[in-house]
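# A structural walkthrough
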Amino acid sequence: MPDQYLDVFLTKEDFMMRDMLRGFVDKEMMPVRQQIDEDKDHVIVRRILQGLTDLGLQKSPFPPEYGGMGAKSAVSAGILHEELSRGDSGICTACNVTGWAWIPAIAANNKAVLDRFAPEFTGKELRMGCFNMTEPGGPHGGGGCDIENLNLQGRKIRTIAKLEGDEWVLNGQKMWASNCGVADLYCMVCTTDPNLGDEGIALIYVPKDAKGISYGKDEHKAGMAGDKNHSMFLENVRVPKEWRAAGPKIDAELFHNNCVIGRLVTAAMAVGQAQGAFETVLKYTGDRIVADKPIRQHSIGAGILADMAIGIETARWSYLAAAWMYDHPEQYGPPMSQYMLSKTSIAKVYAADMAVSVTNKAMELMGSFGYVREYDVEKYWRDCKIIQLWEGGAQLGRLDVCRGYYDLNL
Ligand SMILES: Cc1cc2nc3c(=O)[nH]c(=O)nc-3n(C[C@H](O)[C@H](O)[C@H](O)COP(=O)(O)OP(=O)(O)OC[C@H]3O[C@@H](n4cnc5c(N)ncnc54)[C@H](O)[C@@H]3O)c2cc1C
């Protein structure tokens, strides 16, 4: 196997999962990926998501006593995101944000949330989750990156959770979150009081049919059509007090953990997108003859292909190394630390920039054929841009890198 060298990080089971997903992507996703942008009602998307549910992906992170497999490995999660994103990163997002929403409740072993909702998510039918963090900004700032800027300690969160008797009462507005509008269960990032900072951060689970929820329009994006992103409005939404993930301080740590893992898996997604574009252009430049020989036999073309391969391999090593560190807290400290956020931000910022550059170069090498839907590259190009923009964007990501090295005074 040409990429057997990855066994530095991957277990035998990881290789088996990777090969299974690679087969699924080639059989179920590649033949229909050009139709996904037109699949407004998500008929194709849901069929593929159901296929992934049949493979056991939906239930895998749940504890065995709830019918899951207790999957925890960040290395395995990275491989999964890379493989699915070679097929379609929108579908990868829709599939895996469900797990992201569940991580806090599973990590906190919140029996009330698990008892009520886990049986549905470990069953045979597709269920979707949403980790609802981002908010709109206001005239005085806030929203967007300010929510996930851990230095701001949740002081910019404006979705307020008030405890009234045995219930949380939620009011506020969210935007952009993946699966928002189609999810069955929402993990809402709230604050009990913005002035409390991290102490106020509260992760509260809300089912889709709770009274007081309404949704905005289906956002029309440049790419990532496999993912739906409606705004969400909460007006006096009531849920039992036990549906808070854990409690003061611990919820902040769980939130930080989700920011760390979010950076990590989206780095892997960018690698999968770039890999898909690379495979397409490698074949194309072998077939297309210019000035009497295949494009890839011209030294100028070979140099570009080499740069693409260097970027992809370097990004893959970077996310796998960060995932390995995340999986070994006994050696590298708590997964939600500033140190780990810096490491996963390095992987994410580098991989996102690399994917934008690789898909751009792939298009150059294919000329007009790179620009048409039939050859797949333009979809990778459109889909990968968001990885630079989400999860803190390019700039906050870089600030988080610095924070792992020195006391950045910002
Ligand atoms: C397809 C898609 C899926 C998404 N999925 C989710 C999801 O599942 N859950 C969720 O909660 N959100 C989700 N988002 C939202 C996304 O994470 C946010 O849009 C993103 O974090 C940035 O917020 P913003 O777009 O408002 O940018 P802004 O906050 O307005 O940032 C604009 C620019 O300012 C920079 N910047 C930010 N802070 C600083 C600073 N301190 N100093 C200097 N520069 C700074 C940014 O890096 C960026 O370059 C999704 C968005 C999309 C489009």
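Residues numbered from 1 in each chain as written. Predicted model: local features only at pLDDT ≥ 70, side-chain atom pairs only at ≥ 80, totals over all residues. Heavy atoms only, no water.

### So, the site of the ligand
Condition: Put simply, a residue is near a molecule or strand once any heavy atom of it comes within 4 Å of that molecule or strand. Whenever two N or O atoms come within 3.5 Å, that pair is a polar contact, provided that in protein one can donate a hydrogen and the other can accept it, and provided that, for residues adjacent in sequence, both atoms are side-chain atoms. Reported accessibility uses the Shrake-Rupley method at a 1.4 Å probe radius. Residues are deemed covered only where the shown protein chains occlude them. Charged means Asp, Glu, Lys or Arg here, nonpolar means Ala, Val, Leu, Ile, Met, Phe, Trp, Tyr, Cys or Pro, and polar covers whatever is left, Gly included. Domain delimitation follows an automatic or database domain assignment.
Residues in contact with the ligand amount to 24 residues; listed here are only the nearest, Met133, Thr134, Cys145, Glu148 and Gln395. The separation between a nitrogen atom of the ligand and a polar side-chain atom of Thr134 is 2.6 Å. Within the contact set of the ligand, a nitrogen atom lies 2.9 Å away from a side-chain nitrogen or oxygen of Ser178. Burial of the ligand by the protein chains amounts to 69% of its free accessible area of 990 Å². For the shell around the ligand, a count of residues per class yields 12 nonpolar, eight polar and four charged. Residues lining the shell around the ligand come from more than one domain, with at least three contributed by each of domain 2 (130-243) and domain 3 (250-403).

### Overview of the packing of aromatic side chains
We apply this condition: Whether two aromatic rings pair depends on their centres lying within 6.5 Å, for rings of Phe, Tyr and Trp, where Trp uses its six-membered ring; planes under 30 degrees apart make the pair stacked, over 60 edge-to-face, and the rest tilted. The numbering of helices and of strands both runs from the N terminus, where a helix is a DSSP run of H or I of at least 4 residues and a strand a run of E of at least 2. Here's how the labels work: a residue is buried when its accessible area is under 20% of the maximum for its type, exposed when over 50%, partly exposed in between, all with a 1.4 Å probe on protein chains only.
Within the structure shown, the criterion is met by 13 aromatic pairs. For the ring pair Phe62 and Trp102, a centre distance of 4.7 Å and an interplane angle of 70° mean the geometry is edge-to-face. Taken together, the residues Phe62 in the loop between α2 (43-54) and α3 (74-87) and Trp102 in helix α4 (residues 89-107) connect sequence positions 40 residues apart. Accessibility assignment for this pair places Phe62 and Trp102 in one class, buried.

### Topic: the environment of Cys187
In plain terms, the rule: Whether two residues are in contact is decided by their heavy atoms: any pair within 4.5 Å suffices.
Structurally, the position occupied by Cys187 is in strand β4 (residues 185-191). Residue classification places Cys187 among the buried residues on the basis of a relative accessible area of 0%. For the pair Cys187 and Ala105, spaced 82 residues apart in sequence, the C-alpha to C-alpha distance is 8.9 Å. Among residues more than four places away in sequence, those in contact with Cys187 are Ala101, Pro104, Cys130, Phe131, Asn132, Leu203, Ile204 and Tyr205.

### Quick notes on helix α7 (residues 250-287)
Heads up, the rule is: By this rule, a helix spans an expected 1.5 Å times one less than how many residues it contains.
A rise of 1.5 Å per residue sets the reference length of α7, with its 38 residues, at 56 Å; its end C-alpha atoms lie 56 Å apart and thus fit the reference within 8%. Of all 38 residues in α7, 30 are buried; the element is thus mostly enclosed.

### Things to note about the nonpolar core
Counted only if it meets this: Definition of nonpolar core: a set of buried residues of the types Ala, Val, Leu, Ile, Met, Phe, Trp, Tyr and Cys, connected through side-chain atoms within 4.5 Å.
By size, the foremost hydrophobic cluster in this structure holds 120 residues, and its most contacted members are Leu52, Leu84, Trp102, Leu170, Val206 and Phe255. The leading source of residues in this core is α7, at 18 residues. Sequence-distant contacts of Trp102, defined by excluding residues within four places in its chain, comprise Phe62, Val113, Leu114, Phe117, Ala118, Phe121, Leu185 and Tyr205.

### Regarding the pairing of β4
To keep it simple, the criterion reads: Pairs of strands are assigned from DSSP output, requiring at least two bridges between the strands.
Among the seven residues that make up β4, seven are buried, leaving the element largely enclosed by the rest of the structure. Covered by surrounding structure in β4 are Leu185, Cys187, Val189 and Thr191 together with Tyr186, Met188 and Cys190, the residues of both alternating faces. Of the strand pairs in this sheet, strand β1 (residues 129-132) and β4 are connected by four bridges, and their pairing is parallel. When the bridges of β4 are listed, Gly129 appears paired with Leu185. In this structure, β4 lies alongside strand β5 (residues 201-207), joined through seven bridges in antiparallel fashion.

### Some details on the pattern of salt bridges
Test applied: We define a salt bridge as a contact between a side-chain nitrogen of Lys or Arg and a carboxyl oxygen of Asp or Glu at a distance within 4 Å.
Taken as a whole and judged by the stated rule, the model has 31 salt bridges. In this structure, the salt-bridge partner of Glu28 is Lys27, at a minimum N-O distance of 3.4 Å. A residue is classified by how much of its surface remains accessible, and Glu28, at 30% relative accessible area, is partly exposed. For Arg373, the salt bridge identified is with Glu378, shortest N-O distance 3.6 Å. Using a relative accessible area of 37% as the deciding quantity, one classes Arg373 as partly exposed. Residue Glu378 is classed as buried on the basis of its relative accessible area of 7%. Residues participating in the shared-partner salt-bridge network are Asp37, Glu38, Asp88, Arg373, Glu378, Lys379, Arg382 and Asp383.

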